[in-house]
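Breakdown of the fold
Residue-level listing of the chains:
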Amino acid sequence: MSGTDHDVIVIGGGQAGLAVAYYLRRAGLSFVILDAGEGPGGAWAHTWDSLHLFSPAAFSSLPGWPMPAGDTDAFPTRDAVIDYLTRYEERYGFAIERPCVVEAVEALADGLQVRLASGRRLTALAVVSATGTWSSPFIPAYPGQDQFRGSQLHSAFYRSPEPFRDQRVLVVGGGNSGAQIFAELAPVAAAATWVTLQAPVFLPDEVDGRVLFERASARVRGEDGPAGFGDIVMVPPVKAARDRGILHAVRPFERFTPDGVVWPDGTAATIDAVIWCTGFRPATAHLAPLGCVGPEGRVEVVDQRAVAQPRLWLAGYGNWTGAASATLIGAGRTARELVPRIAEALTAEPSGMPID
Ligand code: FAD
């Protein structure tokens, strides 16, 4: 028994945090999950209404309890994922505090102290940060952006095409978010233009999340092969846009004007709204007091353990914490590797050291 409140504090109760909790419970370690969300589901609670997984349920399960397959072979909806995550955390009875924002993690002599926005402080021998990226949207800087009078929205806050009906819209970003949002906006907008840095890379129709997971795993094992993540999965709305002949992207504009943008050939276009599908950064501001947060929010890790702070572990975020660790299926494997490492590190602790 340590002198801390818990053996482990997990920050973030999305899929990555829940997968870690599953293995912590099995390892017999005491823990609590602190989650800023109003309810279960992590980032899924904020994604757009029409979003489907890009893998079938069987390839989208957390450890211990498979995602119900539903009544079709179709890829599950976002609501089905939220329902699954809700039932998953109920099933295992995890101790989760919500909404509970962690402001800072600080080093103590024999543990870590987690400071909450409420002012409360909790201590643990180890902390797993699994805060994802959703709360840290990234928007690139373009000249004149602050003078643009139209609306700007990051994909993190996009829910449906309806508010953009009959508007002139730019969708900026060459990943899956950009492709999917452009595909569903184009039919209702007065004019929709898809802006990408390079020509988008479309995966073959038969490649879905299963294949991407296998590719990511192979690359982590050191095998050569295509990367795949970041390339566009041909989910049904994107296929439909391609089949209608509208799935075309142009290279970026040069600058904003108050009414729109200027393209590289000098022509000006009037634009009502810009939707930034330009990605996210790891939400790691709470780790800054530990001095381990590098450029773009990344933390240097070896085997999921922070190099600068050995009591800190990371799960989710991206491939740098484990193969496909930001996906449902990858989260389980990341956690399965991570928890025994924590258990081993804690076993080596001089036990019963009170911290103050
Ligand atoms: P999150 O789900 O973001 O959970 C992190 C939790 O931490 C949140 O609840 C948040 O409130 C909380 N938090 C953040 N900061 C703090 C703090 N300071 N204190 C306390 N709590 C905090 N994944 C798949 O597996 N399959 C797919 O088919 C798939 N398709 C996708 C399609 C698109 C277009 C996109 C954009 C994503 C897709 N994803 C898919 C990825 C998936 O949505 C996310 O990567 C995933 O939700 C990340 O899980 P996570 O647990 O790491 O983070």
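Residues numbered from 1 in each chain as written. Predicted model: local features only at pLDDT ≥ 70, side-chain atom pairs only at ≥ 80, totals over all residues. Heavy atoms only, no water.

1. Let's talk about the nonpolar core
Under the convention used in this document: Residue types Ala, Val, Leu, Ile, Met, Phe, Trp, Tyr and Cys, when buried and joined through side-chain atoms within 4.5 Å, form a set referred to as a nonpolar core. For every residue, the accessible area obtained with a 1.4 Å probe (protein chains only) is divided by the maximum for its type, and the residue is called buried under 20%, exposed over 50%, and partly exposed between those limits. Contacts between residues were defined by any pair of non-hydrogen atoms, one from each residue, lying within 4.5 Å.
Counting 67 residues, the largest nonpolar core has Val8, Leu62, Tyr88, Phe94, Val128, Leu185 and Ile342 as its most contacted members. Not counting residues within four places of it along the chain, the set of residues in contact with Val128 comprises Val8, Ile9, Val10, Ile11, Val20, Trp313, Ala315, Leu338 and Ile342. Formed by 23 residues, the second largest nonpolar core is a distinct cluster that contains Ile9, Val32, Leu112 and Trp320.

2. Side note on helix α3 (residues 176-185)
As a reminder, the rule being used: The secondary structure listing takes helices from DSSP runs of H or I that are at least 4 residues long and strands from runs of E that are at least 2 residues long, numbered from the N terminus.
Burial of α3 is extensive: nine of the 10 residues sit out of reach of the surface. By the burial criterion, the buried members of α3 are Asn176, Gly178, Ala179, Gln180, Ile181, Phe182, Ala183, Glu184 and Leu185. Those residues of α3 hidden inside the fold are in contact with β8 (168-172), β9 (191-195), α5 (236-243) and β14 (273-276).

3. Thoughts on the side chain of Ser129
Going by this rule: Polar contact is the term for a pair of N or O atoms within 3.5 Å; when the atoms are in protein, one must be able to donate a hydrogen and the other to accept it, and sequence-neighboring residues count only if both atoms are side-chain atoms.
Structurally, the position occupied by Ser129 is in strand β6 (residues 121-129). Classification of Ser129 by relative accessible area gives buried; the value is 0%. Separated by 2.9 Å, the side chains of Ser129 and His286 make a polar contact. Ignoring anything within four residues of it in the chain, the contact list for Ser129 reads Ile11, His286, Leu287, Leu312, Trp313, Leu314, Ala315 and Tyr317.

4. Notes on the site of the ligand
What counts, and what does not: A single heavy atom is enough: if one lies within 4 Å of a molecule or strand, its residue is considered near that molecule or strand. The method behind every accessible area is Shrake-Rupley, applied with a 1.4 Å probe, and residues are considered shielded solely by the protein chains displayed. Under the scheme applied here, ten amino acids are nonpolar (Ala, Val, Leu, Ile, Met, Phe, Trp, Tyr, Cys and Pro), four are charged (Asp, Glu, Lys and Arg), and all others, including Gly, are polar.
What surrounds the ligand is a group of 28 residues, the closest being Asp35, Ala43, Phe54, Ala326 and Leu328. Out of a free accessible area of 1000 Å², the ligand has 87% covered by protein chains. Residues belonging to the shell around the ligand are distributed by class as follows: 16 nonpolar, 11 polar and one charged.

5. Structural notes on the sheet that holds β14
How we decide: Strands were regarded as paired on the criterion that DSSP finds at least two bridges between them.
The strand order across the open sheet formed by five strands is β7-β14-β8-β9-β10, and the pairing between neighbours is parallel. Of all strands in the sheet, those with a lone pairing partner are β7 (151-154) and β10 (249-250), marking the two edges. When β9 meets β10, the two strands line up parallel, connected through two bridges. Within β10, the position partnered with Trp194 by the bridge is Ala249.

6. Considering the packing of α3 against α5
Which entries qualify depends on this criterion: Orientation is described by lines fitted to C-alpha atoms, with helices fitted over the stretch in contact, and by angles between N-to-C directions that extend from 0 to 180 degrees. Between 65 and 115 degrees an angle is taken as roughly perpendicular, under 35 as roughly parallel, over 145 as roughly antiparallel, and anywhere else as oblique. A crossing counts as left-handed when the near helix is turned anticlockwise from the far one by less than a right angle, and as right-handed when that turn is clockwise.
It is at 9 Å that the axes of α3 and α5 come closest, and there the two elements cross at 60°. When the axis of α3 is compared with that of α5, the two are oblique. Handedness of the α3/α5 crossing: left-handed. Contact residues: Ala179, Gln180 and Ala183 in α3; Pro237, Val238 and Ala241 in α5. For the contact of α3 with α5, the class distribution of residues is five nonpolar, one polar and no charged.

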